[in-house]
Amino acid sequence: MNLFPSLKQRYTKEQLSAREAQRLAEFIAFGPVIFQTARILAKWGILEMIRNSESGMTIHEVAEKTKISEYASKCLLEAGLCIGILLIDENSDKFTLSKTGWFLINDPATKVNIDFNHYVNYLGWFNLEEALKTGTPAGLKTLGDWPTIYEGLSSLPKHIQDSWFGFDHFYSDNSFDEALEIVFAGKPKTLLDVGGNTGRWALRCVRHDADVKVTILDLPQQIALMKANIEGKEGAERIDGLGADLLDESQEMPDTTPFEAVWMSQFLDCFSEHQIVSILKRASKVMNKDSRLYIMETFWDRQRFEPAALCLTLTSLYFTALANGNSKMYHSEDMERLVNEAGLEIETIHDNLGQGHSIMVCKLK
Ligand SMILES: C[S@@+](CC[C@H](N)C(=O)[O-])C[C@H]1O[C@@H](n2cnc3c(N)ncnc32)[C@H](O)[C@@H]1O
């Protein structure tokens with residue numbers, strides 16, 4: 001298996017001493033409560049309060065300031081110490097923030113991941129085993145009664161919906177600046193945004209280029225959300241919406257004239273390998289030899305930083321348990337194989353955009 005050098009070093013050789021490995025095994029065993037402890041320490045503002053204090057805070061001071069019991073403060077801080085979020089000064093009994101604690105409150109990626117795991121995934125993780133066995137999103141019933149999460153997105157309770165969109169937008173938004181340069185280098189006049197969601201990329205396109213016309217294809221309920229979102233914004237009159245369920249193989253893409261650019265951002269990871277080939281074959285029908293298909297994905301093997309690969313392979317299991325039961329964050333070689341099967345070929349790959357996206361630029365074979 002090919003891996004970027006940053007990952008090869010870590011994933012091909014044992015990194016830990018026996019003692020460290022035993023600690024990590026216990027970390028895994030207590031994973032759910034470690035997660036909740038860290039989340040609560042951050043949510044209740046305790047980590048921030050400690051960070052802002054002059055020389056740290058005692059259990060009593062934290063209890064007093066946050067108006068929680070001494071018991072609750074003691075349990076949280078002692079656990080925070082042992083999981084590595086806090087440090088303690090032996091003489092004053094004051095707790096200070098560790099580097100990991102600092103990341104928990106300052107790293108935007110960590111913050112969206114914590115929210116996403118708590119509000120969207122937490123209850124559903126319990127059904128991961130069943131989901132893996134059946135190939136169905138067995139944990140989705142904890143959120144509602146839909147075949148996949150996508151049909152439910154527009155009707156999720158507000159705090160869960162905010163967390164889902166927060167997760168999705170955080171990753172894609174951070175790559176849009178560089179992506180615009182790549183896509184508009186070829187000055188496309190027509191762009192099909194497949195899975196365009198709330199229209200954030202489409203709005204960026206019409207603002208970036210005064211001539212481009214964008215068509216967003218997404219599920220009908222998503223198109224309604226998108227229309228409400230773009231209303232009155234600059235260039236909205238050059239954005240069209242088309243509702244279609246691409247899981248239905250008889251649903252073709254709009255074929256008026258070929259699109260100069262077809263854009264799929266964080267889209268193909270919502271589908272199984274078989275479904276991806278079917279979608280790409282349908283996309284190739286609305287392309288001509290000059291059209292380019294841009295696939296923007298976070299491929300787990302092409303990450304510069306190892307924590308990103310960790311997040312991505314675990315996000316795959318969100319697709320298993322919650323989203324649809326059969327898709328994932330792909331290895332780039334798997335995607336390349338599917339692109340070829342669909343009658344397309346990769347012209348170039350741009351790596352290291354934003355939080356770790358790559359763009360595969362594809363053309364008809
Ligand atoms: C993960 S979001 C990506 C959104 C956006 N492109 C971005 O980069 O942030 C996937 C999008 O694909 C859409 N989608 C999922 N299943 C679909 C289907 N069967 N047919 C059409 N669109 C679908 C979802 O509604 C959602 O807007």
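Thresholds, definitions, all that
Residues numbered from 1 in each chain as written. Predicted model: local features only at pLDDT ≥ 70, side-chain atom pairs only at ≥ 80, totals over all residues. Domains from an automatic or database assignment. Pairing = 2+ DSSP bridges. Helix = DSSP H or I, 4+ residues; strand = E, 2+ residues; numbered from the N terminus. Axes fitted to C-alpha atoms, helices over the stretch in contact; angles between N-to-C directions. Contact = placed C-beta atoms within 7 Å. Near = placed C-beta within 6 Å. Nonpolar A, V, L, I, M, F, W, Y, C, P; charged D, E, K, R; others polar. Core = buried A, V, L, I, M, F, W, Y, C linked by C-beta atoms within 7 Å. Buried ≥ 20, exposed ≤ 12 C-beta atoms within 10 Å, placed from the backbone. Arc of directions from axis to C-beta. Right-handed = clockwise from strand over helix to strand, strands pointing away. Parallel < 35°, antiparallel > 145°, perpendicular 65-115°, else oblique. Left-handed = near helix turned anticlockwise from the far one by under 90°.

## Concerning the domain arrangement of the chain
So, step 1. Partitioning the chain into structural domains gives domain 1 (5-106) and domain 2 (167-364).
So, step 2. Centre-to-centre, using C-alpha coordinates, domain 1 lies 38 Å away from domain 2.

## What to know about the pairing of strand β8 (residues 344-353)
So, step 1. As paired strands, β8 and strand β9 (residues 357-364) are joined by seven bridges and run antiparallel to one another. Considered in β9, the bridge of His-350 is made with Ile-359.
So, step 2. Adjacent in sequence and paired antiparallel, β8 and β9 are bridged by three residues, among which Gly-354 carries a positive phi angle near 45°.

## Considering the sheet that holds strand β3 (residues 190-194)
So, step 1. Taken in spatial order, the seven strands of this open sheet run β5-β4-β3-β6-β7-β9-β8, and their pairing is mixed. Sheet topology places β5 (239-243) and β8 at the edges, where each strand pairs with a single neighbour. Adjacent strand axes in the sheet meet at a mean angle of 20° when their direction is disregarded.
So, step 2. In terms of strand pairing, strand β7 (residues 292-297) meets β9 through five bridges, oriented antiparallel. Across the sheet, the residue bridging to Glu-297 is Ser-358, located in β9.
So, step 3. Packed onto the sheet, helix α12 (residues 176-184) meets β6 (261-265), β7, β8 and β9 and runs at close to 150° relative to β8.

## Some details on the site of the ligand
So, step 1. Close to the ligand lie 16 residues, the nearest being Ser-172, Gly-195, Asn-197, Leu-246 and Ser-265.
So, step 2. Broken down by class, the residue content of the shell around the ligand amounts to six nonpolar, seven polar and three charged.

## With respect to unusual backbone geometry
So, step 1. Although it is not a glycine, Lys-187 sits at a positive phi angle of roughly 45°.
So, step 2. Positioned with a positive phi, Asn-352 is a non-glycine residue whose angle comes to about 65°.
So, step 3. One can find Asn-352 in strand β8.

## Side note on the nonpolar core
So, step 1. Formed by 73 residues in total, the largest nonpolar core has its most connected members in Leu-192, Val-262, Trp-263, Ala-283 and Ile-295.
So, step 2. Ranked by the residues each element gives to this core, the list is headed by helix α16 (residues 306-323), at eight residues.
So, step 3. Among the nonpolar cores identified, the runner-up in size contains 15 residues, and Leu-41, Leu-47, Met-57 and Ile-85 belong to it.

## Description of helix α11 (residues 158-173)
So, step 1. Those residues of α11 lying buried are Ser-163, Trp-164, Phe-167, Tyr-171 and Ser-172. Summarising the axial view, the buried residues of α11 lie within an arc of 150°, below the 170-degree limit, and thus occupy one face. The exposed residues of α11 that point more than 90 degrees off its buried face are Lys-158 and His-159.
So, step 2. Check the buried side of α11 and you find it contacts α8 (108-121), α12 and β6.

## With respect to the pairing of strand β4 (residues 213-218)
So, step 1. The buried fraction of β4 amounts to six of the six residues, a majority that puts the element mostly inside the structure.
So, step 2. Covered by surrounding structure in β4 are Lys-213, Thr-215 and Leu-217 together with Val-214, Ile-216 and Asp-218, the residues of both alternating faces.
So, step 3. Here β3 runs beside β4; their pairing, made up of five bridges, is parallel. Considered in β4, the bridge of Asp-193 is made with Ile-216.
So, step 4. As for the winding sense of the linkage, the β-α-β connection from β3 through helix α13 (residues 200-208) to β4 is right-handed.
So, step 5. For the segment spanning β4, helix α14 (residues 220-230) and β5, crossover handedness is right-handed.

## Here we look at the packing of helix α15 (residues 273-284) against helix α17 (residues 332-341)
So, step 1. Contact pair α15 / α17: the axes reach a minimum separation of 8 Å and the direction vectors enclose 45°. As the angle between them shows, α15 and α17 are arranged oblique. Crossing geometry of α15 relative to α17 is assigned as right-handed. Contact with α15, carried on its side by Glu-273, Ile-276, Val-277 and Leu-280, involves Leu-338, Val-339 and Glu-341 of α17 and no other residues of that element.
So, step 2. Of the residues that constitute the contact of α15 with α17, the class distribution is five nonpolar, no polar and two charged.

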